[in-house]
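Working through the structure, step by step
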Amino acid sequence: WTCESTRMAAAPPSYCFVAFPPRAKDGLVVFGKNSARPRDEVQEVVYFSAADHEQESKVECTYISIDQVPRTHAIMISRPAWLWGAEMGANEHGVCIANEAVNTREPAAEIEALLGMDLVRLGLERGETAKEALDVIVSLLEEHGQGGNYYEDANSCHSFQSAYLIVDRDEAWVLETVGKYWAAEKVTEGVRCICNRLSLTTKMDAEHPELRSYAQSQGWWTGEGEFNFSEVFSPVEDHLDCGAGKDSLEKQEESITVQTMMNTLRDKASGVCIDSESFLTTASGVSVLPQNRSAPCIHYFTGTPDPSRSIFKPFIFVDDVKLVPKTQSPCFGDDDPAKKEPRFQEKPDRRHELYKAHEWARAILESDQEQGRKLRSTMLELEKQGLEAMEEILTSSGPLDPAEVGDLFYDCVDTEIKFFK
């Protein structure tokens, strides 16, 4: 089944960042992502435990089924509630992945295949390191291709190529794709941002074996001189970079902390936090990956739209994680209009309990009266308590008590909902 395209739609202006020590403080790798999506789309935050699978079993992704692997890692993801994959997330081994829809010279396939978001989740489920996740993504891309509607929209097809930021405690990989062709760059220092435009130039540490011959066959590269990925594959009319947003983190004078990353994601002036007619930052995530392996990785999720009006809540992987139904959207099973063809004939109400509670706060914050200012400072106070508790965990020399953090995210969500009521 193919979704009918109306026109080449602009990719939503999402941003993701990574900062490495010494630019990032205290030997921590800091990762952050704002997910720009259609304004009314709900994102849920869901945990899946590690699992063993029967031989020959299949996994049903958003549009297609593919072969399952013998074991999948535990993951915590933030995703548009109608699809299978993820906009961003982390696994139990300290791998974090986010993706961006990108516009390239080659229109994305409308035939239903794997979505960029499906590949984020598959990389997390199957990769123990950033490099392993990269290998998983490119081999699945080669086997199944990417394509299909990025939005829950029956009226038009929005399909995109994807870029990925794949990070672990040691390194990051920037992976950019055009159909099944791809290139990747390894990053181990400084600050890196990816957005809805291609960013790789001449430094490529891995690439599809036929990438250059493909570019030549399309007449996009003469074969002479240096091969510059962005120049070759960007749309002809699009030579803009990511604008002010790209530099917003690099411009920081001080070393980068989890707080700096949150502030960057909240910044509307730079365009990193989008709030426009068609798009909104519908969810955000920040992860802290200590290079010292004895300290745990900490992953913060909002589970609500607009980070400047949301609370980042911490999550740590332990064996016994308490599930958080309040950030999970209702499940419609096989009756879900996203699973039936033709797709999206109806749009069910996908709001979860936290989303509904937060709508009240958004309304007050938007009216920006005295009450709004008070509410905002109380919300930031709640968040600060979480940040301080995490700081303590990171700086303590003793081992982590799993019983203490198993219901961390649950408790934070619970407190937030009670507070909004």
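The coordinates are above.
In this text the structure is predicted, and so the values were computed from the model without any measurement.

This part covers the overall build of the protein. Of the regular secondary structure elements, the protein holds 10 helices and 18 strands. Since a compact globule built from 421 residues should have a radius of gyration of about 22 Å, the 20 Å found for the protein is in line with a globular shape. On the principal axes, the C-alpha backbone points of the protein span a range of 60 × 50 × 50 Å. Per-residue burial over the protein gives 58% buried out of 421 residues. A separation threshold of at least 6 residues defines the contact pool for the protein, and within that pool the share at least 24 residues apart is 69%. Within the structure as shown, the protein displays about 17,800 Å² of accessible surface, and the carbon and sulfur contribution to it stands at 47%. For the protein, the separation between the mean place of its 43 positive charges and that of its 72 negative charges on side chains is 4 Å.

In this structure, the largest pocket occupies an estimated 520 Å³ of space. Arg79, Trp82, Leu83, Trp84 and Lys339 are, among the 26 residues lining the largest pocket, the residues nearest its centre. Per element, the largest residue contribution to the lining of the largest pocket is three residues, and it comes from strand 3 (residues 43-48). When its residues are assigned to classes, the lining of the largest pocket shows 13 nonpolar, five polar and eight charged.

The axes of two packed helices give the description: the angle between them and the distance between them. Axis separation between helix 7 (residues 353-367) and helix 8 (residues 370-395) bottoms out at 8 Å; the angle between their running directions is 130°. With respect to helix 8, the element helix 7 is oriented oblique. Contacts from His358, Trp360, Ala361, Ile364 and Leu365 in helix 7 reach Gln371, Gly372, Leu375, Arg376 and Met379 in helix 8. Among the residues forming the contact of helix 7 with helix 8, the class breakdown is six nonpolar, three polar and one charged.

For the rest of this paragraph, the subject is the sheet that holds strand 14 (residues 191-194). Spatial strand order, 14-1-2-16-17-18: six strands in an open sheet with antiparallel pairing. The open sheet has two edge strands with one neighbour each: strand 14 and strand 18 (313-315). Put simply, the sheet's adjacent strands are angled 15° from each other on average, direction ignored. By the bridge criterion, 11 bridges tie strand 2 (residues 28-38) to strand 16 (residues 279-290) in an arrangement that is antiparallel.

Oppositely charged side chains can pair when the atoms bearing their charge come close. Under the criterion given, the structure shown has 34 salt bridges. Between glutamate 388 and lysine 384 there is a salt bridge whose closest N-O contact spans 3.7 Å. Here the residue glutamate 388 and the residue lysine 384 both occupy positions in helix 8, the gap between them amounting to four residues, near one helical turn. Overlapping salt bridges, with partners in common, bring together Arg39, Lys268, Asp275, Asp306, Arg309 and Glu366 in one network.

Put simply, proline 21 and proline 22 share a cis peptide bond, and its omega is 0°. Of note, proline 22 is situated in the loop between strand 1 (15-19) and strand 2. Cis geometry marks the peptide bond from glutamate 341 to proline 342, where omega comes out at -5°. Note that proline 342 resides in the loop between strand 18 and helix 7. A positive phi angle, close to 60°, is found at phenylalanine 344, a residue other than glycine. For phenylalanine 344, the location among the structural elements is in the loop between strand 18 and helix 7.

Using the criterion set out here, one finds 17 aromatic pairs in the structure. The interplanar angle of 70° and the centroid separation of 6.4 Å between the aromatic rings of phenylalanine 227 and phenylalanine 233 together place this pair among those described as edge-to-face. Judged by relative accessible area, phenylalanine 227 falls into the buried class, the value being 3%. Cation over ring: lysine 131 sits above tryptophan 173, and NZ or CZ is 5.8 Å from the ring centre. Just above the ring of tyrosine 410 sits the side chain of lysine 322; from NZ or CZ to the centre is 4.0 Å.

Here we take up the pairing of strand 17 (residues 298-301). Here strand 17 shows a buried face lined by Ile298 and Tyr300 and a second buried face lined by His299 and Phe301. Both strand 16 and strand 17 contribute to a ladder of four bridges, which runs antiparallel. Paired with serine 287 across the two strands is histidine 299, which belongs to strand 17. Bridge count for strand 17 against strand 18 is three bridges, and the pairing is antiparallel. When the bridges of strand 18 are listed, phenylalanine 301 appears paired with lysine 313.

In terms of burial, strand 8 (residues 75-80) is largely enclosed, as six of its six residues are buried. What you see with strand 8 is no split at all: Ile75, Ile77 and Arg79 on one side and Met76, Ser78 and Pro80 on the other are buried throughout. For strand 8 and strand 9 (residues 88-91), the ladder comprises four bridges, and the chain directions are antiparallel. Bridging from a neighbouring strand, methionine 76 pairs with alanine 90 of strand 9.

All right, on to the side chain of histidine 299 then. The residue histidine 299 is located in strand 17 in this model. Once residues lying within four places of it in the same chain are set aside, the contact partners of histidine 299 are Ala90, Asn91, Cys96, Val286, Ser287, Leu289, Lys313, Pro314, Phe315 and Phe317.

On the surface, Glu92, Glu128, Glu132, Asp319 and Asp320 cluster together into a negatively charged patch. Structurally, the position occupied by glutamate 128 is in the loop between helix 1 (116-126) and helix 2 (130-144).

Glancing now at the nonpolar core. Counting 85 residues, the largest nonpolar core has Leu165, Phe227, Phe229, Phe233, Val286 and Tyr300 as its most contacted members. Not counting chain neighbours up to four residues away, the residues in contact with phenylalanine 233 comprise Thr104, Arg105, Val178, Leu198, Leu211, Tyr214, Ala215, Trp220 and Phe227. Listed in part, the 29 residues of the second largest apolar core include Ile75, Ile77, Ile97 and Trp173.

The rules behind these values
- Residues numbered from 1 in each chain as written.
- Predicted model: local features only at pLDDT ≥ 70, side-chain atom pairs only at ≥ 80, totals over all residues.
- Heavy atoms only, no water.
- Helix = DSSP H or I, 4+ residues; strand = E, 2+ residues; numbered from the N terminus.
- Rg over C-alpha atoms; globule rule 2.2 N^0.38 Å.
- Buried < 20%, exposed > 50% of the residue type's maximum accessible area, 1.4 Å probe, protein only.
- Contact = heavy atoms within 4.5 Å.
- Areas by Shrake-Rupley, 256 points an atom, 1.4 Å probe, with all protein chains shown as cover.
- Lys, Arg positive; Asp, Glu negative; His and termini not counted.
- Charge placed at Lys NZ, Arg CZ, Asp CG, Glu CD.
- 1 Å grid on protein atoms, 1.4 Å probe; cavity = no way out; pocket = protein on both sides within 12 Å on 5 of 7 lines; lining within 4 Å.
- Points joined across faces, edges and corners; volume = space filled by probe spheres on them.
- Nonpolar A, V, L, I, M, F, W, Y, C, P; charged D, E, K, R; others polar.
- Axes fitted to C-alpha atoms, helices over the stretch in contact; angles between N-to-C directions.
- Parallel < 35°, antiparallel > 145°, perpendicular 65-115°, else oblique.
- Pairing = 2+ DSSP bridges.
- Salt bridge = Lys/Arg side-chain N within 4 Å of Asp/Glu carboxyl O.
- Phe/Tyr/Trp six-rings, centres within 6.5 Å; stacked < 30°, edge-to-face > 60°.
- Lys NZ or Arg CZ within 6 Å of the ring centre and 35° of its normal.
- Patch = residues over 30% accessible without salt bridge, like charges linked within 9 Å, V, L, I, M, F, W, Y side chains within 5 Å.
- Core = buried A, V, L, I, M, F, W, Y, C linked by side-chain atoms within 4.5 Å.

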